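# Descriptive analysis of the structure
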Amino acid sequence: MDMSDYMSMFLDESRENLQNLNQCLLDLEKNPNNLALLDEIFRVAHTLKGMSATMGFTTVAELTHEMENVLDKLRKGEMPVVPDVVDILFQCLDTLETLITNITNGVEDSIDTSALIKKLRSMLSMDATRAEVASSLAEPLTTEEEPFLLTDELNEFEKEVITQARGKGFQIYRIVVSLEEECLLKAARAFMVFRELEEQGEVIKTIPEVKELEEGEFQKDFQIYLVTKADQQELVQRVITVSEVETVDIVELLLDKSATQSVTENAVEIDKTKQTKPQPVAQVNNNNGNHKNKLSQTVRVDIERLDNLMNLVGELVINRTRLEQIGLKHGLNDLGETLEQVGRITTDLQNLVMKVRMVPIEQVFNRFPRMIRDLAKELGREINLVIEGEETELDRTVIDEIGDPLVHLLRNAVDHGVGSPEEREKMGKSRVGTVKLLAYPEGNQVVIRVDDDGKGINPEIILKKALEKGVITEKEAEKMEAQDIVMLVFKPGFSTAEKVTDVSGRGVGMDVVRTKIESLGGNISVQTKVGEGSSFIIRLPLTLAIIQALLVGMSKEIYAIPLSSIEETISLAQEDIKTIQDKEVILLRGNVLPVLRLSEILQVEADSAEEEQDLYVVVVKTGQRRAGLIVDKLIGQQEVVIKSLGKLLNGYRQFAGATILGDGRVALILDITFLL
Amino acid sequence: MAEIKEEVNNGEELQLVIFKLDQEEYGVEITQVQEIIRMMETTRVPKAPSYIKGVINLRGKVIPVIDLKKRFGLCDCALDEQSRIIVVEVDDFTVGIVVDCVAEVLRIGTNSIEPTPPVFSDLSEEYIKGVGKLENRLLILLDINKILDIEELEKAG
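Residues numbered from 1 in each chain as written. Chains lettered and ligands numbered in written order. Predicted model: local features only at pLDDT ≥ 70, side-chain atom pairs only at ≥ 80, totals over all residues. Heavy atoms only, no water.

### As for the overall build of chain A
Formally: Secondary structure is summarised from DSSP: a helix means a run of H or I of at least four residues, a strand means a run of E of at least two, and numbering begins at the N terminus for each. Using a 1.4 Å probe on the protein chains alone, a residue whose accessible area is under 20% of its type maximum counts as buried, one over 50% counts as exposed, and one in between counts as partly exposed. Between two residues, a contact is recorded if the distance between any of their heavy atoms is within 4.5 Å. Here the open area of atoms and residues is found with the Shrake-Rupley method and a 1.4 Å probe, where only the protein chains shown may cover a residue.
Counting its regular elements, chain A contains 21 helices and 23 strands. Considering chain A as a whole, with its 676 residues, one finds that 47% of them fall into the buried category. Of the contacts made within chain A by residues no fewer than 6 positions apart, 69% connect residues no fewer than 24 positions apart. When the accessible surface of chain A is summed, it comes to about 34600 Å², and 50% of that surface belongs to carbon and sulfur atoms.

### Looking at the overall build of chain B
Secondary structure assignment for chain B yields four helices and 11 strands. Counting all 157 residues of chain B, 49% fall into the buried class. When contacts within chain B are restricted to residue pairs at least 6 apart in sequence, long-range pairs at least 24 apart make up 58% of them. Roughly 7900 Å² of accessible area belongs to chain B as shown, and the carbon and sulfur atoms make up 45% of that amount.

### Overview of a nonpolar patch on the surface
Going by this rule: Patches here are clusters of residues that have more than 30% relative accessible area and form no salt bridge, with a 9 Å joining cutoff for like charges and a 5 Å cutoff for nonpolar side chains (Val, Leu, Ile, Met, Phe, Trp, Tyr). Each salt bridge in this description consists of a side-chain nitrogen of Lys or Arg and a carboxyl oxygen of Asp or Glu lying within 4 Å of one another.
Taken together, the side chains of Ile 580, Leu 587 and Val 592 of chain A present a nonpolar region at the surface, about 290 Å² in accessible area. Residue placement: Ile 580 of chain A occurs in strand S16 (residues 578-580).

### Here's the deal with the sheet that holds strand S21 (residues 633-641) of chain A
All names here are of chain A. For the record, the criterion: For two strands to be treated as a pair, DSSP must find at least two bridges joining them. The axes used here are C-alpha line fits, helices contributing only the stretch in contact, and every angle between their N-to-C directions lies in the interval 0 to 180 degrees.
Read from one edge to the other, the open sheet built from five strands follows the order S21-S13-S14-S23-S22, with strand pairing classed as mixed. Edge positions in the sheet fall to S21 and strand S22 (655-660), since each has one partner strand and no second. Averaged over neighbouring strand pairs, the angle between their axes works out to 35° when direction is ignored. Here strand S13 (residues 546-554) runs beside S21; their pairing, made up of eight bridges, is antiparallel. When the sheet's bridge partners are listed, Gln 548 is paired in S21 with Glu 639. Here helix H10 (residues 303-330) sits on the sheet in contact with S13, S21 and S22, set at roughly 145° to S21.

### Comments concerning the packing of H10 of chain A against helix H11 (residues 333-357) of chain A
Residues and elements named next belong to chain A. How we decide: Comment on the angle field: the value is read as roughly parallel under 35 degrees, roughly antiparallel over 145, roughly perpendicular from 65 to 115, and oblique elsewhere. Should the near helix be turned counterclockwise from the far one by less than a right angle, the crossing is left-handed, whereas a clockwise turn marks it as right-handed. Residues are sorted three ways: Asp, Glu, Lys and Arg are charged, Ala, Val, Leu, Ile, Met, Phe, Trp, Tyr, Cys and Pro are nonpolar, and all the rest, Gly among them, are polar.
Their axes nearest at 10 Å, the elements H10 and H11 cross at an angle of 160°. Considered as vectors, H10 and H11 are oriented roughly antiparallel to each other. Seen from above, H10 lies across H11 with left-handed handedness. Touching Leu 306, Asp 307, Leu 309, Met 310, Val 313, Leu 316, Val 317, Arg 320, Leu 323, Glu 324 and Gly 327 of H10 are Leu 335, Leu 339, Val 342, Gly 343, Thr 346, Thr 347, Leu 349, Gln 350, Val 353, Met 354, Val 356 and Arg 357, all from H11. Here the contact of H10 with H11 is composed, by residue class, of 14 nonpolar, five polar and four charged.

### What about the confidence of the model for chain B?
Residues and elements named next belong to chain B. This is how it is decided: Per residue, pLDDT measures the predictor's confidence, with a range of 0 to 100.
In this model, chain B carries an average pLDDT of 78, and 78% of its residues clear a pLDDT of 70 or more. Across chain B, the secondary-structure element scoring lowest on mean pLDDT is helix H1 (residues 6-9), at 44, and the one scoring highest is strand S3 (residues 33-38), at 91. In the predicted structure, residues 1-9 sits below a pLDDT of 50 and forms six contacts with residues beyond four places in sequence or in another chain. The ipTM for the predicted assembly is 0.81, set against a pTM of 0.50.

### Things to note about the pattern of salt bridges
Residue and element names in this part refer to chain A. Tallied over the full model, the rule gives 28 salt bridges over all chains. Two residues, Glu 324 and Arg 320, come together in a salt bridge whose shortest N-O distance is 3.9 Å. Residue Glu 324 and its partner Arg 320 are located together in helix H10, separated by four residues, close to a single helical turn. The partner of Arg 431 in a salt bridge is Glu 382, and the shortest N-O contact between them spans 3.3 Å. Taken together, the residues span a long stretch of sequence, with Arg 431 in the loop between helix H15 (421-426) and strand S9 (433-442) and Glu 382 in the loop between helix H13 (368-379) and strand S7 (383-388) at a distance of 49 residues. Judged by relative accessible area, which is 31%, Arg 431 ranks as partly exposed. Taken together, the shared-partner salt bridges in this structure form one network comprising Glu 29, Asp 87, Asp 94, Arg 370, Arg 373, Asp 374 and Lys 377.

If you want it as structure tokens, here you go:
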């Protein structure tokens, strides 16, 4: 491992930590008295400090250090958790996020954090007076009366911590760790040891100081004082698993006054050379519930590798199909059997790879509580955000893209949907509006809903606006039903906000939202009831890489139509096609269905040789619209791997991409949304 | 690049892949060429400009193929055994270009490349980097980036 390996680890973990911090802060705002949360926040800040200092990002380290000071006071109850403090902590979080993003993008740390640090410090000094009063009243133990501790290396404060911890049944250990002589990254190793131990308890002191450890300024060994409930043996096991650790000495410190002079040398020494394989120790869950145990076995994998794997599996699927065709052509039955087996394996493999690429939507949802909080403050709304189903999994590509549309829908829900507390009271609703963000799987799709309990969408207003803005004509308006009218909000150039705010109502939003979702192979619809609220319902495919498609033939060309947009296929006679106002239609079970000749749309040269009697019609739907596509022949259903057409042809939106057929030829995949 | 002259580039060489379109000889820098493959069946992309011949399957990757003769408005002669697809990589996308035949790979000193003459066949000047003189041959140096300029393609489409 060189430094760049640490770098990606550092960035990943920092992001995780910041996300965690965000969540904790939000919870803290609701429950200012929850000490467990404060502990967690402190721990996160501390980890960030340690990691960034090791990596040499001093700005991050300094800021987190100042945060720690404030947090420490907070968790000791020396300072009350007031909204101001939480606000400042949120600001710190934002700044940290920016800093980490800058590091990710390779931008120099150039953010000035001094103002923020000043605020943090003023928080401290402001509270110093108040805190003094409080502590003089409530201080249970003064430092003078402290029992003498076994070692002179601890200062009064640390001794006090130890005394208190002992009182609660914790053990105090002094752990001396020596690294191998040739260890190159002492700082990193020390840090890893530090983290292992921190998971087990609280590190109260290190020799040398944490800062020096982080900078690697020590010979080959260092000491850590740990307050924990964990077992000695286990601690040793944990530390020894860190690479390049040579020996671990552990000494329990007793706090008995009579035993002041004689340290119980209860040393356990484990030599790594003797111990070939560390014994797996049963995990004792000793933490008090506030330390998250991240012990599930995971491996971080570069996204690109996953994409490559997916491509390879795709290739495999293509070649399997090719083999099947060869088998059919030459009537090789044995081959067929083997291929069936291969087919099962590839299907399993494919499912597995697909699952690997799936990420819980939590990743996207996580940032919304904060956003809604800020937004509600800004707009003077009172919002209760309910998130459900964040464990629902979606393909990574979808996850990456779905964030922006959701942001937009949520902003709309807060801004237009829920309405101001006053408006709501007038309507006889509670002042606090509820916005629900739900995700759940439904068949082969995932549904994401944004619900609000606001005033709903009034079709009359929409219609009026649409006419004003020229989105539709009077003539069109007459024929429209309520449901269609509501769908007008997705038309380009439509915005009903009375005044244009920073938040929503720029008239670009909903149109962009719909386009984005459709480009992901999904669709969006609205359900609304005036006075009761609205729901925006997004349906997305589980994955984008491999789809089921129907292959259709048009003279000599072959096209693929995604099965997800097909309702059914029918065959009918030439004379079944009627015309209404020069448009071709058919009657399908009593309903009029417009039909389109695919060969005309795609300008396929007609194969004049055959004049068939029967026509094949593929009934497709997109959103509310249905149509029949007349094709020359139906070839069959097949699993196809979607390949991009590349930058050059991306403008041709009637194609969702291309796929490679069993015989190696390329077939274009039709995008029904843009075809109709 | 019009001012490439002796004193600066004396002795420097370009390695070019020389191919024929109709009767003319063209060259592209070898660094841009990924590979040269035999002509293969292409899949037509409906509604695309006529010079986009279609897409092909290049070992599992779908790439578009451009008919340079159509692009330049040269004669539309039939493809034959000699026809090849030169796969070029520009920026980060890959495109095949159909040529009548690939003649050779040769080195040419930058000092024997001259700026485009003001009047030059049907080719729009901007696609041409210059004209290379080699004994009594004239080689037209193409600027692949310009030919594949996406915006331009969109305009044309």
